[in-house]
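Coordinate inspection notes
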Amino acid sequence: MRVDVLYGVQQLTPQDVQGRVVAVVDVLRASTTIAVALANGAKSVVPFDSSEDAIMRSKQMERGSFRLAGERRMLKMEGFDLGNSPLEHTRDVVEGTSVLLATTNGTKALLAVQGARDVVVASYVNLTGVSTMLRSALRGGADIAIVCAGQERQFALEDAACAGRYVHNISRRLADIELNDAALAASLIDRKYGDNLMRLFTTAAHGRALAAAGFEGDLTACAAVDSFPVIPIYQDRMITKLGPERER
Ligand code: MLT
């Protein structure tokens, strides 16, 4: 069995994800925000490639049944209900709604992994639950691909570190697991920062940009390991949480 880490969705080929269990990581901030929204009672999160697509979908939906959310250059877009800050996706705002989410990298990465057997959204806030799900898929014979969304077509340090933590959690003490070089590199980055996720985030370019834009609180929220222990599954063009109503 294999555990591969893949950096950047532009280079993805259908073979990279075909038939595999895929985890998509955009730890700052889309994958964290998706976990938070679902944990806070959103019925679903629907990822979009562009704000225009999200707006178009919202026009076909009943008023009050959705929240338009997302960012451009980190900021909420005009006319949208919410940005991409996990701190905005509180229970009183998202419960019972479908969050229509358009972000620069994270939602595009989700849309790029067509053909996977299963797609799960991974971050630090749901680390243990998602690791357990991936590890049991691996033990059941599935190959795993961890797709790092990156930042504006570039490698993102925080996604690599988070991917490395997943590689460690899901493959530790299992025999005959092959890792690609990107997974080995991700493991090294994870080991360098260890549990000091604030040091990781304040070193990474996107973390520094978020702090400079006034989103320091988001860094703390994104570093809160296991604070929103949901398993977000992307299927049939929407993300819902694994639970009694969606068993695997
Ligand atoms: C993205 O999807 O590009 C990010 O989550 C950007 C952000 O921090 O909002």
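Below: a short report on this structure.

Here is what the cut-offs are and how they apply
- Residues numbered from 1 in each chain as written.
- Predicted model: local features only at pLDDT ≥ 70, side-chain atom pairs only at ≥ 80, totals over all residues.
- Heavy atoms only, no water.
- Helix = DSSP H or I, 4+ residues; strand = E, 2+ residues; numbered from the N terminus.
- Rg over C-alpha atoms; globule rule 2.2 N^0.38 Å.
- Buried < 20%, exposed > 50% of the residue type's maximum accessible area, 1.4 Å probe, protein only.
- Contact = heavy atoms within 4.5 Å.
- Near = heavy atom within 4 Å.
- Polar contact = N/O pair within 3.5 Å; in protein donor to acceptor, adjacent residues only side chain to side chain.
- Areas by Shrake-Rupley, 256 points an atom, 1.4 Å probe, with all protein chains shown as cover.
- Nonpolar A, V, L, I, M, F, W, Y, C, P; charged D, E, K, R; others polar.
- Pairing = 2+ DSSP bridges.
- Core = buried A, V, L, I, M, F, W, Y, C linked by side-chain atoms within 4.5 Å.
- Phe/Tyr/Trp six-rings, centres within 6.5 Å; stacked < 30°, edge-to-face > 60°.
- Lys NZ or Arg CZ within 6 Å of the ring centre and 35° of its normal.

1. With respect to the overall build of the protein chain
A count of helical and extended segments in the protein chain gives 11 helices and 11 strands. The C-alpha radius of gyration computed for the protein chain amounts to 17 Å, which stays within 12% of the reference 18 Å derived for 248 residues, consistent with globular compactness. Seen through its C-alpha atoms, the protein chain measures out along the principal axes to roughly 50 × 40 × 30 Å. Out of the 248 residues in the protein chain, the part that is buried amounts to 57%. At a minimum sequence separation of 6, the contacts of the protein chain that also span at least 24 residues come to 77%.

2. Some remarks on the environment of Ala163
One can find Ala163 in helix H7 (residues 157–171). Residue contacts for Ala163: discarding those within four places in its chain leaves Val5, Ile146, Cys148 and Ala186.

3. Regarding the site of the ligand
Residues in close proximity to the ligand include Asp26, Leu28, Arg29, Ala30, Glu71, Asn84, Thr103, Thr104, Asn105, Gly106, His206 and Leu210, which together make up its full environment. Within the side chain of Asp26, an N or O atom sits 2.8 Å from an oxygen atom of the ligand. Separating an oxygen atom of the ligand from a backbone N or O atom of Leu28 is a distance of 3.5 Å. Surface burial for the ligand is 100%, taken as the share of its 270 Å² of free accessible area covered by protein chains. In the shell around the ligand, the residues fall into three nonpolar, six polar and three charged.

4. Comments concerning the side chain of Arg20
Note on placement: Arg20 falls in the loop between helix H1 (14–17) and strand E2 (21–25). Among the residues examined, Arg20 registers a relative accessible area of 9% and is labelled buried. A distance of 2.9 Å separates polar atoms of two side chains, one belonging to Arg20 and the other to Asp4. If sequence neighbours within four positions are ignored, Arg20 has contacts with Arg2, Asp4, Ala116, Arg117, Asp118, Asp143, Ile144 and Ala145.

5. Overview of the pairing of strand E11 (residues 238–241)
Looking along a regular strand, one sees side chains alternate from face to face of the sheet. Alignment of strand E10 (residues 232–235) against E11, held across four bridges, turns out to be antiparallel. Directly across from Gln235, in E11, lies its bridge partner Met238. The loop that links E10 with its antiparallel partner E11 comprises two residues; one of these, Asp236, has a positive phi angle of about 55 degrees.

6. Quick word on the nonpolar core
One finds Val5, Leu134, Ile144, Ile146 and Phe201 to be the most contacted residues of the largest nonpolar core, which totals 44 residues. It is H7 that provides the largest number of residues to this core, a total of seven residues. With residues near it in sequence (within four places) discarded, Val5 still touches Ile146, Cys148, Ala163, Val167, Asn180, Ala182, Ala183 and Ala186. Counting 27 residues, the second-largest nonpolar core is a separate cluster that includes Ile34, Ala42, Ala109 and Val119.

7. Side note on unusual backbone geometry
Backbone torsion omega between Leu28 and Arg29 reads 5 degrees, so that peptide bond is classified as cis. Tracing the chain through its elements places Arg29 in the loop between E2 and helix H2 (30–39). We note that Met74 has phi near 80 degrees; this positive angle belongs to a residue other than glycine. Of note, Met74 is situated in the loop between strand E4 (66–72) and strand E5 (75–76). On the accessibility criterion, Met74 (18% relative accessible area) is buried. We note that Arg237 has phi near 65 degrees; this positive angle belongs to a residue other than glycine. Relative to the elements of secondary structure, Arg237 occurs in the loop between E10 and E11.

8. Quick notes on the packing of aromatic side chains
For the structure on display, the rule yields two aromatic pairs. Between the NZ or CZ atom of Arg29 and the centre of the ring of Phe215, over which it lies, the distance is 4.5 Å. Cation over ring: Lys192 sits above Tyr193, and NZ or CZ is 5.7 Å from the ring centre.

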